[in-house]
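Below are the chains, spelled out letter by letter.
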Amino acid sequence: MDKLLSTLTREKLAQMMDFSSLNPNVTEAEILEGCKIAKEYNFKGFHVNPIWVPTVARELEGTGIETGYVVSFPFGTNPTELKVAEAKYAAKILKGKPWVIDMVTNVGKLKGKDYDYYKKDIAEVAKVAHDAGVECKAILEVSFLTDDEIVAACELAAEAGADWVKTSTGRHGGPTLEQVRLMRKYSPPQVKVKVAGTGSFWTPMVVLGCILAGAERIGTRNAPWIVDELSGIIADMLKQQK
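Since we're looking at a predicted model, the values are computed, not measured.

## Let's talk about the overall build of the protein chain
Here comes step 1: Per the secondary structure count, the protein chain includes 11 helices and eight strands.
Here comes step 2: Against the compact-globule benchmark of 18 Å for 242 residues, the protein chain has a radius of gyration of 17 Å, which places it among compact chains.
Here comes step 3: Across its three principal axes, the protein chain shows a C-alpha extent of roughly 55 × 40 × 30 Å.
Here comes step 4: In the protein chain, which comprises 242 residues, the proportion classed as buried is 53%.
Here comes step 5: In the protein chain, the proportion of contacts linking residues at least 24 apart, taken out of those at least 6 apart, comes to 69%.
Here comes step 6: Just so you have it, the protein chain exposes about 11100 Å², and 54% of that area is on carbon and sulfur atoms.

## Digging into the layout of surface pockets
Here comes step 1: Roughly 290 Å³ of volume is contained in the largest pocket.
Here comes step 2: Along the wall of the largest pocket there are 22 residues; nearest its centre are Ser20, Leu22, Thr169, Arg171 and Arg221.
Here comes step 3: Elements represented by at least two residues in the lining of the largest pocket include exactly strand E1 (17-21), strand E7 (192-196) and strand E8 (217-220).
Here comes step 4: Looking at the lining of the largest pocket element by element, the count peaks at four residues for E1.
Here comes step 5: Of the residues in the lining of the largest pocket, the class split is five nonpolar, 12 polar and five charged.

## Description of the sheet that holds strand E5 (residues 136-139)
Here comes step 1: Strand order in this closed barrel of eight strands is E1-E2-E3-E4-E5-E6-E7-E8, and the pairing throughout is parallel. Going from strand to strand, the sheet's axes swing by 25° on average, the running direction of each strand aside.
Here comes step 2: Here strand E3 (residues 66-71) runs beside strand E4 (residues 99-104); their pairing, made up of five bridges, is parallel. Within E4, the residue paired with Val70 across the bridge is Asp102.
Here comes step 3: Against the sheet, helix H3 (residues 28-41) makes contact with E1 and strand E2 (45-48), and its axis sits at roughly 165° relative to E2, the strand it touches most.

## So, the pairing of E3
Here comes step 1: For E3, the tally of buried residues reaches six of six residues, placing the bulk of the element in the interior.
Here comes step 2: Burial along E3 is two-sided: the face carrying Glu66, Gly68 and Val70 and the face carrying Thr67, Tyr69 and Val71 are both buried.
Here comes step 3: As paired strands, E2 and E3 are joined by four bridges and run parallel to one another. Paired with Val48 across the bridge in E3 is Tyr69.
Here comes step 4: A crossover connection joins E2 to the parallel E3 through helix H4 (residues 53-59); in handedness this β-α-β unit is right-handed.

## Topic: the environment of Ile37
Here comes step 1: With respect to the helices and strands, the residue Ile37 is situated in helix H3.
Here comes step 2: The class of Ile37 is partly exposed, set by a relative accessible area of 21%.
Here comes step 3: As a C-alpha pair, Ile37 and Ala152 span 115 residues in sequence and 37 Å in three-dimensional space.
Here comes step 4: Beyond its immediate chain neighbours, meaning those up to four positions away, Ile37 contacts Phe19, Phe43 and Pro224.

## With respect to the side chain of Thr55
Here comes step 1: Of note, Thr55 is situated in helix H4.
Here comes step 2: On the basis of relative accessible area, Thr55 is assigned to the buried category, the value being 9%.
Here comes step 3: If near-sequence neighbours (up to four positions away) are discounted, Thr55 is found in contact with Ile31 and Leu32.

Basis of the calculations
- Residue indices begin from 1 for each chain and proceed along its sequence in written order.
- The predicted nature of this model means local features are confined to residues of pLDDT at least 70 and side-chain atom pairs, given and counted, to a pLDDT of 80 or more, with totals for whole chains, interfaces and linings taken over all residues.
- Here the side-chain values reflect all heavy atoms present in the structure, with hydrogen atoms and water set aside.
- Labels follow the DSSP assignment, with helices taken as runs of H or I lasting at least four residues and strands as runs of E lasting at least two, numbered in each case from the N terminus.
- Atoms counted for the radius of gyration: C-alpha only. Globule rule: 2.2 Å times residue count to the power 0.38.
- Each residue is assigned to one of three classes by its accessible area relative to the maximum for its type, calculated with a 1.4 Å probe on protein chains only: buried under 20%, partly exposed between the two thresholds, exposed over 50%.
- Here a residue-residue contact requires only that any non-hydrogen atoms of the pair lie within 4.5 Å.
- In short, Shrake-Rupley with a 1.4 Å probe defines the accessible areas, and a residue's cover is counted only from the protein chains shown.
- Note on definitions: the grid is 1 Å and covers protein atoms alone; a cavity is a set of points where a 1.4 Å probe fits but cannot get out; a pocket is an open set with protein on both sides within 12 Å along at least five of seven lines; lining residues have an atom within 4 Å of a point.
- Grid points are joined across faces, edges and corners, and a volume is the space filled by probe spheres set on the points.
- Each residue is assigned to one class: nonpolar for Ala, Val, Leu, Ile, Met, Phe, Trp, Tyr, Cys and Pro, charged for Asp, Glu, Lys and Arg, and polar for all the others, Gly among them.
- Strands are treated as partners if at least two bridges between them are detected by DSSP.
- In this description, a line fitted to the C-alpha atoms serves as the axis of each element, helices being fitted only across the stretch in contact, and the angle between N-to-C directions of two axes falls anywhere from 0 to 180 degrees.
- Crossovers are marked right-handed if the path from the first strand over the helix to the second runs clockwise, as seen with the strands pointing away from the viewer.

Following this line, the structure appears as structure tokens:
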């Protein structure tokens, strides 16, 4: 734990954060302000609703910050063909820029044990992402799932070629720390874990707990506060231990 804490510099913390602005009522002025904040902190990515993606990609040009494109957000219930069309549209407008897909999986298909559909749904979108040279995250929406279903979702997402498994959209509740640990335990090493979805309940201490539970990326609108708070607190604690 001490070794982990000692590596969480302000810069590394910022690179573990996907800043977000995904409310349906967000305005262009708020998106532009979000771009300024993302550049100030050098977050890993800035995730917005698709209508704002061209604006974000333009404003972040040359920074290396990923533009996050959400597919079938927030329910994941679009047919696979529509998800693929979304992914191809993203690949077209974001060609040559740093970007990433966060796709919502079809939770109903998983719970109904239609595993072939569930895996193919992810695989088709992941293929578009990989053909474009970018990563694909599969959003599991764990608040709807039992532990056994979380294990199945992680295994199927990995088999489908997802680069990440992600806990939640934030529209239906966030994960518990035990669910984050479960995702890390049952995902192969090459599949990373992203935690999102606690909304206004994101706090620096919750983030620290998620990191200790195995999360490698945090998606939150509270990223600036979290980076400021944790980078200061961790540095102080390490100094006091010496």
